[in-house]
Amino acid sequence: MKFKTLLFAVILFLPSVSYSQEGSEYLPDIDGVLKTKAEYDLDNMMLRFEVRNARFGARGRINRYFSYRAELDLSDEGRIKMLDAYVRFEPVSRLSFFMGQRKIPFSTDYMRNPAENIFANRSFLAKYINDGMRDIGFYVNYRTAGAFPVDMTLGAVNGTGNNNPQWIEKPNLAARVTAGRDDGFRIAGNAYAGEATNKIHLRMYGAEARYTAGNLFLETEYVYRGWSDTSSVRRHDDGWYIHGYYNFEVKNEMLRLISPTARYDKMGGSIFGGNTEADRLTLGVNFGFEPKQFTAEIRVNYENYFRKSLPIHTDKLTLEFIAKF
């Protein structure tokens, strides 16, 4: 496993050396995210430091029709993982075909990279409900033009998880539709169906709404997941969040943005049916040191749990450093 990871890293970064003198069109753009933090457990009076993510990736274009993306994380909660690894074919404008591994297009919050997560810790939806939805498969994406664009993605994946190309009888299916622009009002719907480890007849549905106006950002999302376990017992859970921030621009050579943030999220067997296992309020401030948000930030978060189902659900203070390049 270590040899494969090292080989992948060499392949990933070798082009930047091999073609640098030739100025080749194959020269990739190298990018990455480093996310480090210190957490203080207010319930148990304990402290820890963590390198949460150390992602490095490359993306590039072979010609007007073919492009690619490859990415690995040297520290995804202490583990090395191959992340994105796909080829994109765009025969005509706004129509794309993807083959390879990527996050299944389900849930905006889940698809965010670590630097764009807004908060130091992910929402319950991203961490629990949608966890493990990175897979190998085939996708078709079409985007309309106009003042109110619609983006549609259909996909078929193995359903066996990250970097696990097992033989399957039939693929899992995914669909996502978003309508609206990044500024103003935007809505989205998600669906996913198939099989997963210890989950038979898996069905997932999600709905989202977002509103942006100038420096204001508001977003909410709900996801339902239902399945049968290995004993054919039907089970389900769901989760919901609402979060937002406001960017105060600072005319300073060092500090550029001050962004107060707030989130309320919950999860359980049926959060609107009285079966909530955990819910919390997260309050924070993000300090941005670049005009472009989520590039160089220091984040301070406070998490207060009202209900908690796991030992790791403790009230916390978090200091986080973010670097995206």
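Before any of the text, the structure's been laid out above.
Definitions and limits used
- Residues numbered from 1 in each chain as written.
- Predicted model: local features only at pLDDT ≥ 70, side-chain atom pairs only at ≥ 80, totals over all residues.
- Heavy atoms only, no water.
- Helix = DSSP H or I, 4+ residues; strand = E, 2+ residues; numbered from the N terminus.
- Polar contact = N/O pair within 3.5 Å; in protein donor to acceptor, adjacent residues only side chain to side chain.
- Contact = heavy atoms within 4.5 Å.
- Patch = residues over 30% accessible without salt bridge, like charges linked within 9 Å, V, L, I, M, F, W, Y side chains within 5 Å.
- Areas by Shrake-Rupley, 256 points an atom, 1.4 Å probe, with all protein chains shown as cover.
- Salt bridge = Lys/Arg side-chain N within 4 Å of Asp/Glu carboxyl O.
- Buried < 20%, exposed > 50% of the residue type's maximum accessible area, 1.4 Å probe, protein only.
- Pairing = 2+ DSSP bridges.
- Core = buried A, V, L, I, M, F, W, Y, C linked by side-chain atoms within 4.5 Å.
- 1 Å grid on protein atoms, 1.4 Å probe; cavity = no way out; pocket = protein on both sides within 12 Å on 5 of 7 lines; lining within 4 Å.
- Points joined across faces, edges and corners; volume = space filled by probe spheres on them.
- Nonpolar A, V, L, I, M, F, W, Y, C, P; charged D, E, K, R; others polar.

**Quick word on the side chain of S107**
Then, in step 1: Topologically, S107 is positioned in the loop between β5 (95-103) and α2 (108-111).
Then, in step 2: Here the side chain of S107 touches E221 through a polar contact of 2.7 Å, side chain to side chain.
Then, in step 3: Other than its neighbours up to four places away in sequence, S107 contacts N130, R176, N190, E208 and E221.

**Section: a nonpolar patch on the surface**
Then, in step 1: Together, Y65, F66, V87 and F89 give the surface a local cluster of nonpolar side chains, amounting to about 320 Å² of exposed area.
Then, in step 2: Tracing the sequence through the fold places F89 in strand β4 (residues 79-92).
Then, in step 3: Residue F89 is classed as partly exposed on the basis of its relative accessible area, which comes to 31%.

**Quick notes on the pairing of strand β14 (residues 257-270)**
Then, in step 1: With 8 bridges connecting them, strand β12 (residues 234-246) and β14 associate as antiparallel partners. Across the sheet, the residue bridging to G244 is A262, located in β14.
Then, in step 2: Bridging between strand β13 (residues 248-249) and β14 involves 2 bridges; their strand directions are antiparallel. Considered in β14, the bridge of E249 is made with L257.
Then, in step 3: Here β14 runs beside strand β15 (residues 275-288); their pairing, made up of 13 bridges, is antiparallel. Its bridge partner being in β15, K266 is matched across the sheet by D279.
Then, in step 4: The turn joining β14 and β15, which pair antiparallel and follow one another in sequence, is formed by 4 residues; a positive phi near 90° is taken by G274.

**Overview of the pattern of salt bridges**
Then, in step 1: Throughout the structure, instances matching the rule amount to 26 salt bridges.
Then, in step 2: E50 is the salt-bridge partner of R48, the closest N and O atoms lying 3.9 Å from each other.
Then, in step 3: Take R48: its relative accessible area is 47%, and that puts it in the partly exposed class.
Then, in step 4: Across the salt bridge formed by E208 and R176, the nearest N and O atoms sit 2.9 Å from each other. On the criterion of sequence distance, the pair formed by E208 in strand β10 (residues 199-213) and R176 in strand β8 (residues 172-180) is long-range, its members being 32 residues apart.
Then, in step 5: Overall, E208 belongs to the buried group, its relative accessible area being 8%.
Then, in step 6: The structure contains a network of salt bridges with shared partners spanning D109, R112, D182, R186, R210 and E219.

**Quick word on unusual backbone geometry**
Then, in step 1: The phi angle at R94 is positive, at roughly 75°, despite the residue not being glycine.
Then, in step 2: In this structure, R94 sits in the loop between β4 and β5.
Then, in step 3: Non-glycine residue N163 carries a positive phi angle of around 50°.
Then, in step 4: Structurally, N163 can be placed in the loop between β7 (150-157) and β8.
Then, in step 5: Among the residues examined, N163 registers a relative accessible area of 39% and is labelled partly exposed.

**Some details on the nonpolar core**
Then, in step 1: Residues I104, F106, M133, Y192, M204 and V223 are the most contacted members of the largest nonpolar core, which totals 18 residues.
Then, in step 2: Looking at this core, the elements with two or more residues in it are α3 (124-129), β10 and β11 (216-228).
Then, in step 3: When sequence neighbours within four positions are dropped, the list of residues in contact with F106 reads M111, N130, M133, R176, N190, A191, Y192, M204, Y205, G206 and V223.
Then, in step 4: Ranked by size, the runner-up nonpolar core spans 5 residues in total, among them I118, F119, F217 and F294.

**Structural notes on empty space enclosed by the protein**
Then, in step 1: Counted according to the given criterion, the structure contains 1 cavity of 30 Å³ or more.
Then, in step 2: Considering the residues around the largest cavity, the lining is formed by T108, R186, I187, A188, E208, A209, R210 and E219.
Then, in step 3: Where the lining of the largest cavity is concerned, the elements lending two or more residues are β9 (184-196) and β10.
Then, in step 4: A breakdown of the residues in the lining of the largest cavity according to their chemical character gives 3 nonpolar, 1 polar and 4 charged.

**Let's talk about the pairing of β10**
Then, in step 1: One ladder, built from 12 bridges, connects β9 with β10; its direction is antiparallel. Looking across to β10, one finds that A191 is bridged to Y205.
Then, in step 2: If you look at the hairpin formed by β9 and β10, you'll find 2 residues sitting between the two strands, and N198 has a positive phi there, around 65°.
Then, in step 3: Sheet topology note: the β10/β11 ladder contains 12 bridges and is antiparallel.

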